[in-house]
2 protein chains.
Amino acid sequence: MPESLLVVGSIALDTLRTPHGEVKDELGGSATFFSVAASFLAPVRLVGVVGEDFPQDFYRMFRSRAIDTTGLTVVRGGKTFRWHGSYQGAMNEATTDDVSLNVFGDFRPVIPAPFRQSRLVFLANGSPVTQGSVLDQVEKPALVVADTMNLWIQTQRDALLALLARVDGLVLNDGEARMLTGDDNLVRAGRQILTLGPKFVVIKKGEHGALLATDARALAGEPGRDVCPLPAYPATEVRDPTGAGDSFAGGMMGYLAKTGRFDAASLVRAMAYGTVTASFAIEDFGLRRFERLTLDEINRRLFEYHDMLAF
Amino acid sequence: MPESLLVVGSIALDTLRTPHGEVKDELGGSATFFSVAASFLAPVRLVGVVGEDFPQDFYRMFRSRAIDTTGLTVVRGGKTFRWHGSYQGAMNEATTDDVSLNVFGDFRPVIPAPFRQSRLVFLANGSPVTQGSVLDQVEKPALVVADTMNLWIQTQRDALLALLARVDGLVLNDGEARMLTGDDNLVRAGRQILTLGPKFVVIKKGEHGALLATDARALAGEPGRDVCPLPAYPATEVRDPTGAGDSFAGGMMGYLAKTGRFDAASLVRAMAYGTVTASFAIEDFGLRRFERLTLDEINRRLFEYHDMLAF
């Protein structure tokens, strides 16, 4: 029986432009991608905020999956967070063309009572103060993983360091890992982050895959297996990279929730699930590929990916 | 009994500056790195040209290994090819500060008679016309692999396309693969290169590893295993990236020469050997790490790398 997975983060309506087309008010946001990605493997408890303009269809999509929306607050008269982004060329980097935080700007997450016993918690990208306030409300989490971004590293470094002392895992991208540690070498940067509190850190490198660094003493598992680089799945159809990182985290945490084991070997398998889940997310705009995706397809690609790396 | 491996390419004296120090007239060049890297696994036949200024110590280094220098021409009164390069920050890209082709500018490789039966041939980076002239002199090669660079893609495209029709494998970096095909997606770029002649292509991505694309019909091996991404070994001590790509190719071809098998699964294992061999090359300036490296160390790191990727 998989454990429930609590996620707190943004829910957004995205307007996107890539070399493959444009979409308007597409369902997006970090908690959204995470929830839907994780829901293939484990039940998800979603905490977020939207405005009255949030389409009913999107609620239905959440509820049609194993996503509990009890923690979804609708602000009367409010507007949902909106992000306008675009990608050029190889689509390695998003350009933010416009952003309106709207109701997300005043988001003070309140965790519903039934969610407070969640054993697995994902703090999607948000201010470390807000992320910490979520942790204050969770009773006895067994595994807490946080995401962060350059903005918080630059503007709320102390709050972020305080948060890192309270989490089991950190997920961030390569540029952020370098910024946080001042070290260009990602292996060293990962190890340095481990000294700040987390037992493991996943450094996401976009199309180049991800690097896991673990504190072997803090985690059960084979000693010495402290660094693991995994390549991205070699995707050929990339239409929209939005949400790839959160889909990766969702697949990873979904696998951990499903197995209930958090040792180093499980983390590597979880990262493989995250890699494969993210490879589907980018095949179409927003969550469209997920809407027609099955667990069977994920598992088949996972085996294919496994065989690619077997030598 | 491993087969002999013929390599034709540059031998240089490098003056290098990285954030970790400076060296002057260090032994370098594509054929040099390739030869020494491959020599851990198979005997190498080196064809190249140097000037009278080429230090005796470097000859001795070649001869102390399984490298046959019969094909090494010394031009009387000539000067050896010199390259001055530097690296900043994360050292992802070399800056050429100065280059003097010297005797390498007039290099018209002549393959010694005993080398003409070589079954494995590596055409290190050079003009495709020169690379083709080497092939004209080799009698019945079983496996020909070429390297190339942006200069030839831009200035000798037709000659390069003619060469590609004659080789079994191509090794090039990600930017060059994109330039050659006009496709930003490396998997599609790799597959497009296969339509130009090669049965396999290895796209090198530096610190991000490498991508293998194979023509399953042309190679013996598991059907469907047509693309394989391997991450770089997670190195922490990077002093000088010079020669990493040629060391990768040397480790890869050395393994193929050692086993004499060129099916898809062997190519993946060969790429793993290349990855690990290159990870040693960058730990010190020039060839210094190779000089104190043992096959036992390579194999131990290979097992470690294998275990990292096993999930």
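Just so it is clear, the model here is predicted, and its values are computed rather than measured.

Participant: How do you make sense of the overall build of chain A when you look at a structure like this?
Facilitator: When its secondary structure is counted, chain A shows eleven helices and 13 strands. A globule of 311 residues ought to have a C-alpha radius of gyration of about 19 Å, and chain A, at 18 Å, matches this closely. Counting only C-alpha atoms and orienting by the principal axes, one finds that chain A spans roughly 55 × 45 × 40 Å. Within chain A, the proportion of its 311 residues that are buried is 54%.

Participant: Whenever I open this one, the relation of the copies chain A and chain B confuses me. Can you help?
Facilitator: Each of the two chain copies can be generated from the other by rotation about an axis followed by a shift along it. Least-squares fitting of chain A to chain B yields an RMSD of 0.0 Å, with the superposition described by an axial translation of 0.0 Å and a rotation of 180°. Here the copies are linked by what is in effect a two-fold axis. Both copies contact each other with a shared surface, as 100% of the interface residues of chain A are interface residues in chain B too.

Participant: What is the right way to read the sheet that holds strand β7 (residues 94-100) of chain B from this model?
Facilitator: Within a sheet, neighbouring strands are paired by backbone hydrogen bonds and run either parallel or antiparallel to one another. Residues and elements named next belong to chain B. Strand order in the open sheet made by the four strands is β3-β2-β6-β7, with mixed pairing throughout. Looking along the sheet, the strands with just one partner apiece sit at the ends: β3 (21-28) and β7. Shown here is a sheet whose adjacent strand axes are inclined to one another by a mean of 20°, direction ignored. By the bridge criterion, six bridges tie strand β6 (residues 81-87) to β7 in an arrangement that is antiparallel. Paired with Y87 across the bridge in β7 is A94.

Participant: What's the story with the confidence of the model for chain A in this structure? I'm lost.
Facilitator: Detailed reading of the predicted model is not advised wherever pLDDT is low. When pLDDT is averaged along chain A, the result is 95; 97% of the residues meet or exceed 70. This complex was scored by the predictor with a pTM of 0.92 and an ipTM of 0.88.

Participant: What am I meant to see in the sheet that holds strand β13 (residues 227-230) of chain B here?
Facilitator: Residues and elements named next belong to chain B. With respect to topology, nine strands assemble into an open sheet ordered β5-β4-β1-β8-β9-β10-β11-β12-β13, the strand pairing being mixed. Edge positions in the sheet fall to β5 (67-75) and β13, since each has one partner strand and no second. Geometrically, the sheet is characterised by an average inter-axis angle of 15° between neighbouring strands, direction not taken into account. In this structure, strand β1 (residues 5-8) lies alongside strand β8 (residues 120-123), joined through four bridges in parallel fashion.

Participant: Looking at this structure, I do not really get the packing of helix α6 (residues 174-181) of chain A against helix α7 (residues 186-194) of chain A. What am I missing?
Facilitator: For any two helices packed against each other, one specifies the crossing angle of their axes together with the interaxial distance. All names here are of chain A. At a closest axis distance of 9 Å, the pairing of α6 and α7 adopts a crossing angle of 60°. Considered as vectors, α6 and α7 are oriented oblique to each other. The two elements α6 and α7 cross, and the hand of that crossing is left-handed. Contact residues: D174, A177, R178, L180 and T181 in α6; L186, A189, G190, Q192 and I193 in α7. Each residue belonging to the contact of α6 with α7 can be placed in one class, and the counts come to five nonpolar, three polar and two charged.

Participant: Would you mind going over the pairing of strand β10 (residues 169-173) of chain A with me for this structure?
Facilitator: On any regular strand, side chains alternate: one points to one face of the sheet, the next to the other face. Residues and elements named next belong to chain A. Within β10, four of the five residues are buried, which leaves it mostly tucked inside the rest of the structure. In this structure, strand β9 (residues 143-147) lies alongside β10, joined through three bridges in parallel fashion. The residue bridging A146 from the neighbouring strand is L170, located in β10. Both β10 and strand β11 (residues 200-204) contribute to a ladder of five bridges, which runs parallel. Following the sheet pairing, L170 is matched in β11 by V201.

Participant: Where do I start with the environment of B:L120 in this structure?
Facilitator: All names here are of chain B. Relative to the assigned elements, L120 resides in strand β8. Residue L120 is classed as buried on the basis of its C-beta count, with 27 C-beta atoms lying within 10 Å. Once the C-alpha coordinates of L120 and K140 are considered, the two residues, 20 residues apart in sequence, prove to be 9.4 Å apart. The contact partners of L120, leaving out residues within four places of it in the chain, are E3, L5, L6, A142, L143, M253, L256 and A257.

Participant: What is the right way to read unusual backbone geometry from this model?
Facilitator: With the exception of glycine, most residues fall at negative phi, and the peptide bonds are largely trans. Residue and element names in this part refer to chain A. Positive phi outside glycine occurs at M91, with the angle close to 60°. With respect to the element layout, M91 can be found in the loop between β6 (81-87) and β7 (94-100). We note that N102 has phi near 50°; this positive angle belongs to a residue other than glycine. Taking the C-beta count within 10 Å as the criterion, N102 has 20 such neighbours and is therefore assigned buried.

Participant: What should I look at first to understand the packing of helix α1 (residues 30-38) of chain B against helix α8 (residues 244-259) of chain B in this one?
Facilitator: Residues and elements named next belong to chain B. Interhelical geometry of α1 versus α8 gives an angle of 40° and a closest axis separation of 7 Å. As far as their axial angle goes, α8 and α1 are oblique. Crossing geometry of α1 relative to α8 is assigned as right-handed. Two secondary-structure elements touch here, α1 through S30, F33, F34, S35, V36, A37 and A38 and α8 through D246, S247, A249, G250, G251, M253 and G254.

Participant: Mind showing me how you'd approach helix α9 (residues 264-281) of chain B here?
Facilitator: Between the first and last C-alpha of α9(B) there are 26 Å, a value that for 18 residues agrees with the 26 Å anticipated at 1.5 Å per step. Among the 18 residues that make up α9(B), 15 are buried, leaving the element largely enclosed by the rest of the structure.

Participant: Is there a simple way to explain the pairing of strand β12 (residues 210-214) of chain B in this structure?
Facilitator: All names here are of chain B. Of all five residues that make up β12, five are buried, and the element is covered over most of its length. Of the two faces of β12, both are covered, the one formed by A210, L212 and T214 as well as the one formed by L211 and A213. Note that strand β11 (residues 200-204) and β12 share five bridges and pair antiparallel. Paired with F200 across the bridge in β12 is T214. Hairpin connection between β11 and β12: a loop of five residues separates the two successive antiparallel strands, and G206 in this loop has a positive phi of roughly 60°. The pairing of β12 with β13 spans four bridges and is antiparallel. Residue L211 lies in a different strand from β13, and its bridge partner there is P229.

Thresholds applied
Residues numbered from 1 in each chain as written. Chains lettered and ligands numbered in written order. Predicted model: local features only at pLDDT ≥ 70, side-chain atom pairs only at ≥ 80, totals over all residues. Helix = DSSP H or I, 4+ residues; strand = E, 2+ residues; numbered from the N terminus. Rg over C-alpha atoms; globule rule 2.2 N^0.38 Å. Buried ≥ 20, exposed ≤ 12 C-beta atoms within 10 Å, placed from the backbone. Least-squares fit on C-alpha atoms with pLDDT ≥ 70 in both. Contact = placed C-beta atoms within 7 Å. Pairing = 2+ DSSP bridges. Axes fitted to C-alpha atoms, helices over the stretch in contact; angles between N-to-C directions. pLDDT = per-residue confidence, 0-100. Parallel < 35°, antiparallel > 145°, perpendicular 65-115°, else oblique. Left-handed = near helix turned anticlockwise from the far one by under 90°. Nonpolar A, V, L, I, M, F, W, Y, C, P; charged D, E, K, R; others polar. Expected span 1.5 Å × (residues − 1).

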